[in-house]
Number of protein chains: 2
Amino acid sequence: MKHDANGSGRMTISAVERETGLPKDTLRVWERRYGFPQPARDESGERLYTPEDVNRLRLIRRLLDQGWRPGKLLAASEAELQRIVEAERGTGVPVAPDGGVPTDDVLAAIRRHDVPALRDLFQRSLLERGLQGLVSGLVAPLNVVIGEAWIRGELGVPEEHFYTEQVQSFLRGALASYTRPATPPRVLLTTLPEEEHGLGLLMVEVMLASEGAQCCSLGPRMPLTDIRASALTSAADIVALSFSAAYPLRQALAGVRTLRESLPDTVDIWVGGAGAHERLASIPGVSVIGAIRSVPDTLAEWRAARLPDSPTTPLN
Amino acid sequence: MKHDANGSGRMTISAVERETGLPKDTLRVWERRYGFPQPARDESGERLYTPEDVNRLRLIRRLLDQGWRPGKLLAASEAELQRIVEAERGTGVPVAPDGGVPTDDVLAAIRRHDVPALRDLFQRSLLERGLQGLVSGLVAPLNVVIGEAWIRGELGVPEEHFYTEQVQSFLRGALASYTRPATPPRVLLTTLPEEEHGLGLLMVEVMLASEGAQCCSLGPRMPLTDIRASALTSAADIVALSFSAAYPLRQALAGVRTLRESLPDTVDIWVGGAGAHERLASIPGVSVIGAIRSVPDTLAEWRAARLPDSPTTPLN
DNA sequence: CAGATAGTTTTGTCCAGGACAAAATAGGGG
DNA sequence: CCCCTATTTTGTCCTGGACAAAACTATCTG
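As a starting point, this report considers the structure included with it. These numbers come from a predicted model, not from an experiment.

### Remarks on the interface of chain B and chain A
Each partner contributes to the interface: chain B provides 29 residues, whereas chain A provides 29 residues. Broken down by secondary-structure element, the contributors of at least two residues to the side of chain B that touches chain A are α8 (157-176), β4 (213-217) and α10 (224-233) of chain B. In terms of residues, the side of chain B that touches chain A owes the most to one element, α8(B), which gives 10 residues. When its residues are assigned to classes, the side of chain B that touches chain A shows 11 nonpolar, 12 polar and 6 charged.

See below:
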């Protein structure tokens, strides 16, 4: 029943679990096996982690998500960790800011928690490049840049959270002011039950809606049976799933296979996001979307194949 | 490293934790102390919970949030639990659907996972009653009705989730098509770090924006220091916090007090949601918003007190 | 040399059962 | 009736052992 950090900034194990996403059991077994982290103890023997411990754990957690092995990371010295961080730099899809709104301006606004400034920057990008340009030319690179800034410790968790909130709010708003022309295909968007991240989903929705597709987002964390039921009642042509890098490939494969089997062949499955591995494409009837920018092309292909009578929708 | 339900529908302890929100430690100690739940074991001695266990645990969890004590609930027989459920019915603020869009129609659409129908119903309510009417006359009662339907087992978790997603999407959209007149006060909206629920926040934002207030939502789960920093950089007049019924009063009091001390006296704090206990109002400079419908009045009072020169803004 | 297969190591999660502090309740004045 | 102090209830933490799933490595086969 103990809760947060006490006065001195030390944190209990459950606070660390909440902050880092690493289960208590894992934290304890790491301490036993690798000697890190090695928290102090309070009068009654309970672990007290320092903020530095937590920062390092967060970093380790993120590198873990990028495929590094725990043994390596937990045995690594501070210097070795830094070298690994350097090695990771620029690994994220290298989408250049290409002359539009500079990502640095956005970062600055995020650091100041400056909502109006942030919205202005989005608005500017929207006017200059259009909705699709905003998503693929600003939001997508920002996600990479912010992830990297975070790893270098230049941005905190609340800032990242704040950014996500603002983008989602802005995109949802833009989406709403779009009068939907209700053209095929009908697309159902969601994530599997253990995938929390909804931003990728929203980005895809924006790209599709801009092309006149009919989108239904169920939000994240949908059980397979519910995805199936929704796809049938809404007569969806495509089910689009999003996976973050942290999602285990094995589970993604299993989930998508099961879903594929439970849906009629007439329904396509599209998979996207950093965790959408190439191997998913080996399942028949499943397409992997490599980059957000390629969504319109993928859509055009679908239309060419399924709606051969009408001419291909021009890509603005 | 075991994950989900295996074929037979039995669930491991971590799956139950994810589904019910009850920590593993708690599940084990309940079993030891009260004899419920009493899961079967697999070959290697690991607990396997039945779907019935999980349903009951979910119910218990919700009754717990409403203030019942674990000892009572866990010792209760099935029949006794049902009696408690009956006693709870109608406890939620009794907001009548009062002739607008019937909540039953909405429930039906939710059961069918029918996105277009749901959006139509919202749209209808919006046209009939306006944005504020939609929020206080449809969404607020719906929250109560859906909670009760859930407790009676007439609605599943995915359906509830689905509903939340759709309302949020619709309200955000409506909000975006509102051209903001940028009138005082400036309001900062967020929740404390352990409060996940963002829907209440959005409802308040809609009510305020309709009255021309300038809103900045930081999204849920903001650390106190960040709330303070944001309030200062954005020169907020009011910080609005939302608490769900599950939030422990003690923690709410502590959090709000700390925040109160770290903010200048010129900044008001507003507290709302099912978990916003009357006692919070005893802190000077903190107002408790009892019902979502009273937001415009509270705002008018603020304006009358702080902007005495200009006449009171007419309510809708 | 790609790709399947079997063996090995790494790694996360589970268990038991004892301990204890925070929260809730009950009891007792003022 | 409200505030302060016992008592009970209740959630979380601890240790250290165990083990199965996942990841990696080596080997074999077409």
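### Focus on the protein's contact with DNA strand D
The environment of DNA strand D is formed by 23 residues, the closest being Ser14(A), Arg47(A), Ser44(B), Arg69(B) and Gly71(B). The element that contributes the greatest number of residues to the surface near DNA strand D is helix α2 (residues 24-34) of chain B, accounting for 3 residues. Residue composition of the surface near DNA strand D, grouped by class: 7 nonpolar, 6 polar and 10 charged.

### Examining α10(B)
Among all positions of α10(B), only Asp226(B), Ile227(B), Ser230(B) and Ala231(B) are buried. Seen along its axis, α10(B) keeps its buried residues to an arc of 135°; they face one direction. The secondary structure elements touched by the buried residues of α10(B) are α8 (157-176) of chain A together with β3 (183-190), β5 (238-242) and α11 (249-262) of chain B. Residue Ala235(B) follows α10(B) closely and has a positive phi angle near 50°.

### Details of the relation of the copies chain B and chain A
Least-squares fitting of chain B to chain A yields an RMSD of 0.1 Å, with the transformation described by 0.1 Å of translation along the axis and a rotation of 180°. Here the copies are linked by what is in effect a two-fold axis. When C-alpha distances to the rotation axis are compared across chain B, the minimum falls at Gly173(B), with a value of 2.3 Å. Both copies contact each other with a shared surface, as 100% of the interface residues of chain B are interface residues in chain A too.

Calculation criteria
Residues numbered from 1 in each chain as written. Chains lettered and ligands numbered in written order. Predicted model: local features only at pLDDT ≥ 70, side-chain atom pairs only at ≥ 80, totals over all residues. Contact = placed C-beta atoms within 7 Å. Helix = DSSP H or I, 4+ residues; strand = E, 2+ residues; numbered from the N terminus. Nonpolar A, V, L, I, M, F, W, Y, C, P; charged D, E, K, R; others polar. Near = placed C-beta within 6 Å. Buried ≥ 20, exposed ≤ 12 C-beta atoms within 10 Å, placed from the backbone. Arc of directions from axis to C-beta. Least-squares fit on C-alpha atoms with pLDDT ≥ 70 in both.

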